[in-house]
Amino acid sequence: MGPPLRLNAVAFVSAQNHPILIRTFSQPKQDELKYHYIAHTSLDVIDERITAAGATKSTGCYLGLLYVEDVAVYGFMTPTKVKIIIALELSDNVVRDADVITIFKALHTAYRRSVANPFLRLNVPSDNVTDHSLLVAAGGQKWKLFRQRIDEICGAVTLPGAAA
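Here's what I pulled together on the structure shown here. All of these numbers come straight from a predicted model, not from anything done at the bench. (Residues numbered from 1 in each chain as written. Predicted model: local features only at pLDDT ≥ 70, side-chain atom pairs only at ≥ 80, totals over all residues. Heavy atoms only, no water.)

## Details of the pairing of strand 4 (residues 71-77)
Stage number 1. Of all seven residues making up strand 4, seven are buried, and the element is well covered by its neighbours.
Stage number 2. Side chains Val71, Val73, Gly75 and Met77 of strand 4 all project onto a buried face; the interleaved residues Ala72, Tyr74 and Phe76 project onto the opposite face, where all are buried too.
Stage number 3. In this structure, strand 3 (residues 62-68) lies alongside strand 4, joined through five bridges in antiparallel fashion. For Leu65, the partnering residue across the bridge sits in strand 4 and is Tyr74.
Stage number 4. From the end of strand 3 to the start of strand 4, which pair antiparallel, there are two residues.
Stage number 5. Summarising the sheet, strand 4 and strand 5 (residues 83-89) pair through seven bridges and their orientation is antiparallel. When the sheet's bridge partners are listed, Phe76 is paired in strand 5 with Ile84.
Stage number 6. Once strand 4 ends, the chain turns through five residues before running back antiparallel as strand 5, passing Lys81 with a positive phi of about 70°. (Buried < 20%, exposed > 50% of the residue type's maximum accessible area, 1.4 Å probe, protein only. Helix = DSSP H or I, 4+ residues; strand = E, 2+ residues; numbered from the N terminus. Pairing = 2+ DSSP bridges.)

## What about the packing of aromatic side chains?
Stage number 1. Applying the stated rule across the entire model yields five aromatic pairs.
Stage number 2. Look at Phe12 and Phe146: their rings are 5.1 Å apart centre to centre, the planes differ by 70°, and that puts the pair in the edge-to-face class. Of the two residues, Phe12 is situated in strand 1 (residues 7-13) and Phe146 in helix 4 (residues 144-157); the sequence distance between them amounts to 134 residues. Exposure class is identical for Phe12 and Phe146. Each is buried.
Stage number 3. For the ring pair Phe76 and Phe104, a centre distance of 5.2 Å and an interplane angle of 15° mean the geometry is stacked. You can see Phe76 sitting in strand 4 and its partner Phe104 sitting in helix 2 (residues 97-115), a full 28 residues away along the chain. (Phe/Tyr/Trp six-rings, centres within 6.5 Å; stacked < 30°, edge-to-face > 60°.)

## Focus: a nonpolar patch on the surface
Stage number 1. Residues Leu65, Val68 and Leu90 make up a contiguous nonpolar surface patch of about 240 Å² in total accessible area.
Stage number 2. Checked against the element boundaries, Leu90 lands in the loop between strand 5 and helix 2.
Stage number 3. Assessed through its relative accessible area of 42%, Leu90 is described here as partly exposed. (Patch = residues over 30% accessible without salt bridge, like charges linked within 9 Å, V, L, I, M, F, W, Y side chains within 5 Å. Areas by Shrake-Rupley, 256 points an atom, 1.4 Å probe, with all protein chains shown as cover. Salt bridge = Lys/Arg side-chain N within 4 Å of Asp/Glu carboxyl O.)

## Notes on the environment of Ile86
Stage number 1. You can see Ile86 is positioned in strand 5.
Stage number 2. Linking Ile86 and Tyr35, residues 51 residues apart in sequence, is a C-alpha distance of 9.5 Å.
Stage number 3. With near-sequence residues (within four places) excluded, Ile86 lies in contact with Leu7, Ala9, Val10, Ala72, Val73, Tyr74, Val100, Ile103, Phe104 and Leu107. (Contact = heavy atoms within 4.5 Å.)

## Some points on the side chain of Asp99
Stage number 1. Tracing the chain through its elements places Asp99 in helix 2.
Stage number 2. Exposure remark for Asp99: the relative accessible area of 4% places this residue in the buried category.

## Regarding the nonpolar core
Stage number 1. Judged by nonpolar contacts, the single largest core of 26 residues is most densely connected at Val10, Phe12, Ile86, Leu107, Phe146 and Ile150.
Stage number 2. For this core, the elements supplying multiple residues, two or more each, are strand 1, strand 2 (19-24), strand 4, strand 5, helix 2 and helix 4.
Stage number 3. Here this core gets six residues from one element, more than from any other, and that element is helix 2.
Stage number 4. Listed in part, the 18 residues of the second largest apolar core include Ile38, Ala39, Val45 and Tyr67. (Core = buried A, V, L, I, M, F, W, Y, C linked by side-chain atoms within 4.5 Å.)

Shown next as structure tokens:
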């Protein structure tokens, strides 16, 4: 793997564009609102990429670099249309796509394992859900293991000692 990356935030967004989980790892903590904004702004870029890819029949999940603000924002879409967005701290190091794809695969695996738990979503109605508070419950106690896995992935990606 190349030079260490600094992961500032991870966002999981449902197929209906509702946030499932937005986790920030940057200092100070008042940046949380900024990363919520970045996640929502990224959805527009993802929609454009998906529309453009629809014409070429691309089947890849990795959407690449979405845009650069004061962080580099990358996107990934699962086969079930869940979007994963990460914000990496800008640095002088070259960020290889292979490294970013590895991060996305680890995040996707953590999400997939959590959702595969048959006891996690027993009370969720069918796909015609109008109350999305159940999806946002990823901050709840039942999703504790999922949040721990995300934190472990961030810890593995980020330089030791640099993580909060």
